[in-house]
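If you want the building blocks of each chain, they are given just below.
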Amino acid sequence: MTDFRSEVIAAGGEGITACYQCGTCSGGCPTVSAMDYTPRQIIRMVNLGMRDRVLSSRTIWLCATCYQCQVRCPREVKITEVMAALKSIAMREGYNSHVARPRAVSFYRSFNEIVSNLGRQFEPLLLMKTALGSREGITSKLGYLLRSAPFGIALMKKGKLPFRPEKISGRDEVRRIFENVARMEAGE
Ligand code: SF4
Ligand code: SF4
């Protein structure tokens, strides 16, 4: 078994060796048209140990974690978990410089930081942190924020976005989960 495949399995990508390349995962994926490799191809490439090409791909960042592929896979491959594992490895190893979508890494990092601190998501802050933390120039950052503003305002008017973060009980527990995961990833 390739080292890369073992690493992905250890990170949650169970069942990957059972894939028989039927393509059901790709056929139902809502974001496949924007991907450079289909989910089926990514599974194959992981099995072949094509580490650099997989970790450099747009696909892993465009996976919307919808689980459509995973629930339909006839071989019970944990495809969504494979995508999550690949994102995690790519972020850890600095593959963000290869990412064709410059805000992807910033989005995931910001998402985790906010949930870790507040116990749940706060979308206006997520938008700001994603833009400011991306590796784009200031003009692109501002353009992204301006383009996003009308959507945010429309959602707020319909009561779908809060003006301020909601406090939840158990925030300390959520933070401890993130701290434990960080320790596990560091091999402590
Ligand atoms: S649906 Fe499952 S078995 Fe079919 S290609 Fe995708 S991962 Fe492989
Ligand atoms: S979980 Fe990701 S790869 Fe699977 S169908 Fe949804 S977007 Fe596509």
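Residues numbered from 1 in each chain as written. Chains lettered and ligands numbered in written order. Predicted model: local features only at pLDDT ≥ 70, side-chain atom pairs only at ≥ 80, totals over all residues.

For the protein, the count of helices and strands is eleven helices and zero strands. In sequence order, the secondary structure elements of the protein are arranged as α-α-α-α-α-α-α-α-α-α-α. Expected size for 188 residues packed as a compact globule is a radius of gyration near 16 Å; at 18 Å, the protein falls within 12% of this value. Considered along the principal axes of its C-alpha atoms, the protein spans approximately 50 × 40 × 30 Å. Here the protein holds 188 residues, and 24% of them are scored as buried. (Helix = DSSP H or I, 4+ residues; strand = E, 2+ residues; numbered from the N terminus. Rg over C-alpha atoms; globule rule 2.2 N^0.38 Å. Buried ≥ 20, exposed ≤ 12 C-beta atoms within 10 Å, placed from the backbone.)

In this section: the packing of helix α9 (residues 123-133) against helix α10 (residues 138-157). Interhelical geometry of α9 versus α10 gives an angle of 165° and a closest axis separation of 9 Å. With respect to each other, α9 and α10 are oriented roughly antiparallel. Seen along the crossing, α9 lies across α10 with a hand that is right-handed. Across the interface between the two elements, P124, L127, A131 and L132 from α9 touch K141, Y144, L145, S148 and G152 from α10. Here the residues of the contact of α9 with α10 sort into six nonpolar, two polar and one charged. (Axes fitted to C-alpha atoms, helices over the stretch in contact; angles between N-to-C directions. Parallel < 35°, antiparallel > 145°, perpendicular 65-115°, else oblique. Left-handed = near helix turned anticlockwise from the far one by under 90°. Contact = placed C-beta atoms within 7 Å. Nonpolar A, V, L, I, M, F, W, Y, C, P; charged D, E, K, R; others polar.)

For ligand 2, the set of nearby residues contains 15 residues, the closest of which are C29, C63, C66, Q68 and C69. Among the elements of the structure, α6 (68-72) and α7 (79-92) are those that each provide at least two residues to the shell around ligand 2. Of the residues contributing to the shell around ligand 2, the split by class is ten nonpolar, five polar and no charged. (Near = placed C-beta within 6 Å.)

Turning our eyes to something else, we now look at α7. Given a rise of 1.5 Å per residue, 14 residues ought to cover 20 Å, and the 20 Å separating the end C-alpha atoms of α7 matches this to within 8%. Within α7 the residues assigned to the buried category are I79, T80, E81, V82, M83, A85, L86, K87 and A90. G94 sits one or two positions beyond α7 and adopts a positive phi of about 75°. (Expected span 1.5 Å × (residues − 1).)

In this section: the nonpolar core. If you look at the biggest cluster of nonpolar residues, it comprises 26 residues, and the most contacted ones within it are V8, I16, I43, V46, I79, V82 and L86. At the level of elements, α1 (3-10), α3 (39-47), α4 (51-55), α5 (59-62), α7 and α8 (104-118) are the ones that each hand at least two residues to this core. With six residues, the single largest contributor to this core is α7. Those residues in contact with V46 that sit more than four places away from it in its chain are F4, R5, V8, I16, V54 and V82. (Core = buried A, V, L, I, M, F, W, Y, C linked by C-beta atoms within 7 Å.)

In this section: the site of ligand 1. What surrounds ligand 1 is a group of 14 residues, the closest being C19, C22, T24, C25 and C73. Of all the secondary-structure elements, those providing two or more residues to the shell around ligand 1 are α2 (24-28) and α3. The residue makeup of the shell around ligand 1, split by class, is nine nonpolar, three polar and two charged.

Before going further, it helps to examine the domain arrangement of the protein. Interface size is commonly expressed as the accessible surface area that is lost when the partners come together. Split into domains, the protein comes out as domain 1 (3-98) and domain 2 (104-185). Taking only C-alpha atoms, the centre of domain 1 and the centre of domain 2 are 24 Å apart. (Domains from an automatic or database assignment.)

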